[in-house]
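Structural characterization, general
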Amino acid sequence: MTARTERILIIDADEAARADLSRYLETRGFYVTGCSSRAAAQGEVSDGSTVPDVIFADLQPDGIRELAGQLEEKDAFIPIVACSDSTSSVDVVNALRAGASDFVLKPYTDDKGALDDVIGKLLDRVRVNRLNQLYRQELEEANRDLRDGIAELRADQRAGRKVQLKMLPDREQVTGGLYVDHLIKPSLYLSGDFLDYFRISEDKLLVYIADVSGHGASSAFVTVLLKNLTNRLQRNLRRGSSDDILYPQRFLERINSELLDTGLGKHVTVFVGIISEAERTLQYAVGAHFPMPILSFEGGETAYLEGSGLPVGLFEKPDWEVYEVSLTRPFHLLLFSDGILEVIRAKSLDEKEKTLLELVSGGRHTIASLNEALSLDGMTELPDDIAIVTVTDTMSPSVSTSPD
């Protein structure tokens, strides 16, 4: 007979009957242990190394109930086969109600086929139950690993977010005759939106806003690349090795080249502008950025800047046109990420752009005043996934840098 690994415990005060069943089960290849009482079987049930797979027990219903309760406390699925020489249907029902999984008549070996059927059926249930337990344990371990992984990812995201915040310029800067402020709120811990502004000469301020395709760590990595590139271009200008940063189109060309070299498959929409206070001009290039910035003159017109251009990081040798507008009067320049349009309550994109222009035309030139205007439309504050830069000309006493 092929050896088996299943263990069977027999609890029966009748030594002859117990020995008879034990011999038969052993010939079937099972490991068999016999005990004369439930108390004597206590060690067999409690010892983890010898816990049986099936128990045959000739006990009164109360004894079966106590044995079943003991097994339940141990969270062990061990079927109990009630054994009796009684053919009364009441005894059978009482045994099953007490917790037995099946019932066999004594003497055990009178109907060996029925005995084999009972054992086979119960062992199948044991195997299924143990597989379920194994799967549950594996699932719990996987969930635990997943929770640990998510916690670690969140910690990494928070750390990455701190790095991103450190890369941003100081808020509410007064530089020369310009007052510059910004707001950036990511939809996730890490943001694909980025912005920066800094002096490239005593006369000129460079400002740009970028939106990296996608979300998450890879998009955030591109914002680090942008910051690193602008720092290098500024150093190159100071050293006299390159003046690319003085020209909006060449600035986009450098971003394009470095993005292609990374092989990340990421592209960026960018608006970059250079304000010359001495010449009173704004030169800019557009890398498919949307919406276009809004230029508002004190006491005059307010309009979106004109221009278009290819996205940055998709093509080997793209060309970008340089546009120029005169800043003949005190002005406000507002740059937005496309998240601003998501929060404006209008049906079409054209209506959203029109509403945004009307807000700025109505004197909403600062982040605080824009926030206030949107709150009147049922919002409490500017939402996540948004970036804004405001540049205000402070050369004229008529221009205020405080919230409208």
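So, here's what we can say about the structure. Numbers given for residues are sequential positions, taken from 1 along each chain in its written order. Residue-level local features of this predicted model are given only where pLDDT is at least 70; pairs of side-chain atoms are given and counted only at 80 or more, and the full residue set underlies all totals for whole chains, interfaces and linings. Just so you know, side-chain values use all the structure's heavy atoms and leave hydrogens and water out.

Examining the pattern of salt bridges
Here, a salt bridge means any Lys or Arg side-chain nitrogen found within 4 Å of an Asp or Glu carboxyl oxygen. A complete count under the given rule lists 20 salt bridges for this structure. Across the pair Asp243 and Arg250 runs a salt bridge whose closest N-O atoms are separated by 2.5 Å. For Arg250, a relative accessible area of 26% corresponds to the partly exposed category. We note a salt bridge from Asp393 to Arg280, for which the minimum N-O separation is 2.5 Å. Here the residue Asp393 occupies a position in strand 16 (residues 386–393), and Arg280 occupies one in the loop between strand 10 (268–276) and strand 11 (281–287), the gap between them amounting to 113 residues. Within the structure, one salt-bridge network assembled from shared partners comprises Arg232, Asp243, Asp244, Arg250, Arg254 and Glu258. In this scheme, a residue with accessible area under 20% of its type's maximum is buried, one over 50% is exposed, and one in between is partly exposed, where area comes from a 1.4 Å probe on protein chains only. Strands here mean DSSP runs of E at least two residues long; helices mean DSSP runs of H or I at least four residues long; both are numbered from the N terminus.

Here we look at the pairing of strand 1 (residues 7–11)
Burial within strand 1 is extensive, with four of its five residues counted as buried. For two strands to be treated as a pair, DSSP must find no fewer than two bridges joining them. Here five bridges tie strand 1 to strand 2 (residues 31–35), and the two strands are oriented parallel to one another. When the bridges of strand 2 are listed, Arg7 appears paired with Tyr31. Consider the strands pointing away from the viewer: the crossover is right-handed when the path from the first strand over the helix to the second runs clockwise. Following the backbone out of strand 1, through helix 1 (residues 15–27) and into the adjacent parallel strand 2, one traces a crossover that is right-handed. The pairing of strand 1 with strand 3 (residues 54–57) spans four bridges and is parallel. For Ile10, the partnering residue across the bridge sits in strand 3 and is Phe56.

A word on the sheet that holds strand 2
Spatially, 2-1-3-4-5 is the arrangement adopted by the five strands of the open sheet, whose pairing is parallel. Bordering the open sheet on either side are strand 2 and strand 5 (102–105), each of which pairs with just one other strand. Going across the sheet, the axis of each strand differs from the next one's by a mean of 20°, ignoring polarity. We call two residues contacting when some pair of their heavy atoms lies within 4.5 Å. With axes taken as lines fitted to C-alpha atoms, and helix axes fitted only over the stretch in contact, angles between N-to-C directions fall between 0 and 180 degrees. Along the sheet face, helix 3 (residues 61–73) touches strand 1, strand 3 and strand 4 (80–84) and points at about 165° away from the line of strand 4.

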